[in-house]
Amino acid sequence: FDMFVLAFVERFLRPTYRKDDFVLGKKLGEGAFGVVYRASLAKKPSSKKEGDLVLKKATEYGAVEIWMNERVRRACANSCADFVYGFLETSSKKGGEYWLIWRFEGEATLSDLMQSKEFPYNVETMILGEIQDMRKGIERENRIIQTIMRQLLFALDGLHSTGIVHRDIKPQNVIFSEGSRTFKIIDLGAAADLRVGINYIPKEFLLDPRYAAPEQYIMSTQTPSAPSAPVATALSPVLWQMNLPDRFDIYSTGLMFLQMAFPALRSDSGLIQFNRQLKRCDYDLVGWRKSVEPRANSELRRGFELLDLDGGIGWELVTSMVRYKARQRTSAKAALAHPYFDREGLLALSFMQ
Ligand code: ADP
Ligand code: MG
């Protein structure tokens, strides 16, 4: 059965919506390319006042974001927030705007959770439900962070195996799904689907410089700039192997790992300062460590101590993600097989109590 027929039938059987079907609630975010609200269906107002849906009104990039979300729903549904529907709303001013609807996954992004003084224990509570052992310590923190990293890499591996590079991986774009008690990726507005050439031309101006890998282009500038779809389908696995564009997301994920280990990197200014230091060390994380460790405060030392647990496998993993050359970075799939994840994560911890 043809993929496209299947996609068509699926799309046809699902309910379709239009503007008047939705009631808007609180604004959740506003970027250069769209505004995000909580929302609910007009016919079926949610018991919760704010609504059980999320609505993004997007500019011209909304078309790509709808495409990406449709593809993710069919190919790797658990990686991203549950997408409901997307359409072009033409009754508004010039050109119209794209409306995208998702299920409301939960209140908190990883960014919100990381800003709390309780991090990572607040995440432990959310993953395990009401608990628990109040003992705190570096081993426990490491297990929580390991569980978060595993969930992140699992979601990312789903996207990458589908042929999608996200290109804007950061804590603000990782939502905690209260239903599945796992982290999911959101905001496919900057994503590229290299297997079919969608959003093929990298839009560097979309990228968040705080989390972007040093390479300016995720695909070599020598590759053809805008292949027609069938050509791209035939070529892209080769182009993928040549350029390893997924390693761009791996770099961003490595930075998030560092932010979880080092509280000082969780603020904007702290992360920007870290990026400057790393650049000065030619993006060599080992060099960065040598330069800061001798005069490290107790908090920084504690971060190294956490990554050094179990023979330093955490440090080994993060140095395999944050590297200057994309080719030398690990993939999401290989990272999941890293010995750092051999140890039991959070669930096992709860059974042990
Ligand atoms: P942008 O960054 O382009 O403004 P996002 O897609 O990242 O748009 O959404 C903005 C914010 O809205 C997110 O940071 C998150 O707080 C919230 N949000 C987005 N999608 C969901 C969802 N499915 N469930 C809950 N909250 C969401
Ligand atoms: Mg976002």
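Residues numbered from 1 in each chain as written. Chains lettered and ligands numbered in written order. Predicted model: local features only at pLDDT ≥ 70, side-chain atom pairs only at ≥ 80, totals over all residues. Heavy atoms only, no water.

Enquirer: Would you take a moment to explain the overall build of the protein for this structure?
Expert: Within the protein, the regular secondary structure consists of 12 helices and 9 strands. Relative to its full complement of 353 residues, the protein shows a buried share of 55%. Put simply, of all contacts in the protein between residues at least 6 apart along the chain, 67% involve residues at least 24 apart. With the model as given, the accessible surface of the protein reaches about 17,300 Å², and the carbon-plus-sulfur share is 56%. (Helix = DSSP H or I, 4+ residues; strand = E, 2+ residues; numbered from the N terminus. Buried < 20%, exposed > 50% of the residue type's maximum accessible area, 1.4 Å probe, protein only. Contact = heavy atoms within 4.5 Å. Areas by Shrake-Rupley, 256 points an atom, 1.4 Å probe, with all protein chains shown as cover.)

Enquirer: What is the right way to read the packing of helix α8 (residues 268-280) against helix α9 (residues 285-292) from this model?
Expert: Angle between the axes and distance between the axes are the two parameters that describe a pair of packed helices. At a minimum axis separation of 9 Å, α8 and α9 run at an interaxial angle of 110 degrees. Comparing their axes, α9 and α8 come out roughly perpendicular. Within the contact between the two elements, α8 uses F274, Q277 and L278 and α9 uses L285, W288 and V292. Broken down by class, the residue content of the contact of α8 with α9 amounts to 5 nonpolar, 1 polar and no charged. (Axes fitted to C-alpha atoms, helices over the stretch in contact; angles between N-to-C directions. Parallel < 35°, antiparallel > 145°, perpendicular 65-115°, else oblique. Nonpolar A, V, L, I, M, F, W, Y, C, P; charged D, E, K, R; others polar.)

Enquirer: So what exactly am I meant to see when it comes to the coordination of the magnesium ion (ligand 2) here?
Expert: Each donor-metal-donor angle in an ideal tetrahedron of four donors is 109.5 degrees, and each such angle in an ideal octahedron of six donors is either 90 or 180 degrees. Note on the magnesium ion (ligand 2): its protein donors are N173 (OD1) and D187 (OD). The metal-donor distances range over 2.2 Å. Placement of N173 in the loop between β6 (164-165) and β7 (174-177) and of D187 in the loop between β8 (182-185) and β9 (192-193) is noted, with a sequence separation of 14 residues between them. Judged by relative accessible area, which is 5%, N173 ranks as buried. When its relative accessible area of 25% is taken as the criterion, D187 is described as partly exposed. (Donors = N, O, S within 2.8 Å, 3.2 Å for Na, K, Ca; no water.)

Enquirer: Just checking my understanding: could you explain the sheet that holds strand β1 (residues 22-31) for this structure?
Expert: Two strands in a sheet stick together by hydrogen bonds in their backbones, pointing the same way (parallel) or opposite ways (antiparallel). The 5 strands are arranged β1-β2-β3-β5-β4 in an open sheet whose pairing can be described as antiparallel. Edge strands, defined here as strands with exactly one partner in the open sheet, are β1 and β4 (83-89). Averaged over all adjacent pairs, the angle separating strand axes in this sheet is 25 degrees, with direction ignored. Contacts from helix α2 (residues 62-75) reach β3 (53-58), β4 and β5 (97-103), with the element oriented near 30 degrees to β5. (Pairing = 2+ DSSP bridges.)

Enquirer: It is not clear to me how the confidence of the model for the protein should be interpreted in this structure. Could you clarify?
Expert: Where the model shows low pLDDT, its predicted coordinates should not be examined in detail. Summarising the model, the protein shows a mean pLDDT of 86, and 82% of its residues fall at 70 or more. Between residues 220-235, whose pLDDT stays under 50, and residues either more than four places distant or in other chains, the model counts 19 contacts. (pLDDT = per-residue confidence, 0-100.)

Enquirer: Any chance you could explain the side chain of D157 here in plain terms?
Expert: Looking at the secondary structure, you find D157 in helix α5 (residues 138-162). For D157, the residues in contact, after removing those within four places along its chain, are A332, K333 and L336.

Enquirer: Sorry, what's going on with the pattern of salt bridges here?
Expert: This structure, assessed with the given rule, holds 23 salt bridges. For D20, the salt bridge goes to R18, with nearest N and O atoms at 3.6 Å. Taken as a pair, D20 and R18 share a single burial class, namely exposed. D208 serves as the salt-bridge partner of R210, at 2.6 Å between the closest nitrogen and oxygen. Given the relative accessible area of 16%, R210 is considered buried. Of the residues examined, D208 reaches a relative accessible area of 11% and is grouped as buried. Through salt bridges that share partners, D168, K170, D208, R210 and D268 make up one connected network. (Salt bridge = Lys/Arg side-chain N within 4 Å of Asp/Glu carboxyl O.)

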